[in-house]
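For reference, the chains in residue letters:
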Amino acid sequence: MRASDKAYAALRDDIIEWRLLPGTVLAEVEQSERLGVSRTPLREALGRLTAEGLTTAAGGRGVVVTDISLADIDELFELRETLECKAAALAAERGDAALFLQLQKELQEAPAMISGDDPARHDYYVLVGRLDEAIDTAISNSYLAQAMRSLRVHLVRVRRLAADDAARLTAAAAEHAAIAEAIAARNPRLAAAATTAHLHRSLSHVKATQTPH
């Protein structure tokens, strides 16, 4: 891994996991020493993070971690609905029905992952990630897939703000299963509608349970 990629990955994870809080100044000397890279690759990494909206230049303060407000969350979900509903419809037209049927079955069994011993619900989030990847592949549209990948970076930050509520995650698993089922049935309208319902419930939960920094 290149030094700039290493620095980027480490800083990105720290930001989306809220180990680096909004407003934190990412001083070049301090971060170079902490990450074990020189200042040139660190600048490259900071440039990528700024392009993604995770950091911003703040005048004489240098580069700082960006905040997420309620207005930001509304805007993210507006974009998310536009992109993900279209993607679900395209996946229903172009995707492998057998693959989405398998994902539907696994998502229906997801409550066992959510109520298990892992408080981070790693296996559940991996499964949801597999659904995302399957949709990205099925749509056969690299521009739409890239736009959704860029958006998901911010959505992970939003998810970390929300209460990690087992009941909501269980409901979300059922909503994801409904999306997979509609795609497998090759029903674009139903796939888009199932996605809209999921996003509406997710946004309502986030806004009801989190307090932005």
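One can find the structure itself at the top, above this paragraph.
This one's a predicted model, so the numbers in the text were calculated from it and none came from an experiment.

This part is about the overall build of the chain. Scanning the chain for helices and strands turns up 10 helices and two strands. Walking the chain from its N terminus toward its C terminus, one meets helices and strands in the order α-α-α-β-β-α-α-α-α-α-α-α. Expected size for 213 residues packed as a compact globule is a radius of gyration near 17 Å; at 19 Å, the chain falls within 12% of this value. Oriented by its inertia axes, the alpha-carbon framework of the chain measures out at about 55 × 35 × 35 Å. Sorting the 213 residues of the chain into buried and exposed places 45% on the buried side. Sequence-distant contacts in the chain: of pairs separated by 6 or more residues, those separated by 24 or more amount to 76%.

When a protein is soluble and globular, its nonpolar side chains tend to lie buried together. Phe100, Tyr124, Ile135 and Ile139 are the most contacted members of the largest nonpolar core, which totals 44 residues. Contributions of two or more residues to this core are made by helix H4 (70–94), helix H5 (97–108), helix H7 (122–139), helix H8 (142–161), helix H9 (166–184) and helix H10 (188–209). With sequence-adjacent residues up to four places away left out, phenylalanine 100 is seen in contact with Ala91, Gly95, Leu131, Ala134, Ile135, Ala138, Ala180, Ile183 and Ala184. In terms of nonpolar packing, the next biggest core, distinct from the first, is built from 17 residues, Leu20, Val37, Leu42 and Leu54 among them.

Our next topic: the layout of surface pockets. The calculated volume of the largest pocket comes to roughly 1300 Å³. Taken together, 49 residues make up the lining of the largest pocket; nearest its centre are Tyr125, Val128, Asp132, Val156 and Arg159. For the lining of the largest pocket, the elements supplying multiple residues, two or more each, are helix H1 (3–16), H4, H7, H8, H9 and H10. In the lining of the largest pocket, the residues fall into 24 nonpolar, nine polar and 16 charged.

Let us look at the pattern of salt bridges. Under the counting rule described, the total for this entry stands at 14 salt bridges. Between glutamate 84 and arginine 80 there is a salt bridge whose closest N-O contact spans 2.8 Å. Of this pair, glutamate 84 and arginine 80 are both found in helix H4, four residues apart, which corresponds to roughly one turn of the helix. On the basis of relative accessible area, glutamate 84 is assigned to the buried category, the value being 16%. Arginine 152 serves as the salt-bridge partner of aspartate 132, at 3.7 Å between the closest nitrogen and oxygen. On the criterion of sequence distance, the pair formed by aspartate 132 in helix H7 and arginine 152 in helix H8 is long-range, its members being 20 residues apart. Judged by its relative accessible area of 23%, aspartate 132 falls in the partly exposed class. Each of Arg2, Asp5 and Arg48 takes part in salt bridges that share partners, so that together they form one network.

Across all of its chains, the model carries one aromatic pair by this definition. A cation sits over an aromatic face here: arginine 48 above tyrosine 8, 3.7 Å from the ring centre. Here the guanidinium or amino end of arginine 157 rests over the ring plane of tryptophan 18, the centre of that ring lying 5.0 Å away.

Note: α-helices contain 3.6 residues per turn, so residues at a spacing of three or four share the same orientation. Given a rise of 1.5 Å per residue, 14 residues ought to cover 20 Å, and the 20 Å separating the end C-alpha atoms of helix H3 (residues 39–52) matches this to within 8%. Inspection of H3 places Pro41, Leu42, Ala45, Leu46 and Leu49 among the buried residues, and these make up the whole buried set. Buried residues in H3, looked at end-on, bunch into an arc of 140 degrees, giving them a common side. For H3, the elements touching its buried residues are H1, helix H2 (28–35), strand S1 (55–57) and strand S2 (63–65). Residue glycine 53 follows H3 closely and has a positive phi angle near 90 degrees.

Quick notes on the rules
- Residues numbered from 1 in each chain as written.
- Predicted model: local features only at pLDDT ≥ 70, side-chain atom pairs only at ≥ 80, totals over all residues.
- Heavy atoms only, no water.
- Helix = DSSP H or I, 4+ residues; strand = E, 2+ residues; numbered from the N terminus.
- Rg over C-alpha atoms; globule rule 2.2 N^0.38 Å.
- Buried < 20%, exposed > 50% of the residue type's maximum accessible area, 1.4 Å probe, protein only.
- Contact = heavy atoms within 4.5 Å.
- Core = buried A, V, L, I, M, F, W, Y, C linked by side-chain atoms within 4.5 Å.
- 1 Å grid on protein atoms, 1.4 Å probe; cavity = no way out; pocket = protein on both sides within 12 Å on 5 of 7 lines; lining within 4 Å.
- Points joined across faces, edges and corners; volume = space filled by probe spheres on them.
- Nonpolar A, V, L, I, M, F, W, Y, C, P; charged D, E, K, R; others polar.
- Salt bridge = Lys/Arg side-chain N within 4 Å of Asp/Glu carboxyl O.
- Phe/Tyr/Trp six-rings, centres within 6.5 Å; stacked < 30°, edge-to-face > 60°.
- Lys NZ or Arg CZ within 6 Å of the ring centre and 35° of its normal.
- Expected span 1.5 Å × (residues − 1).
- Arc of directions from axis to C-beta.

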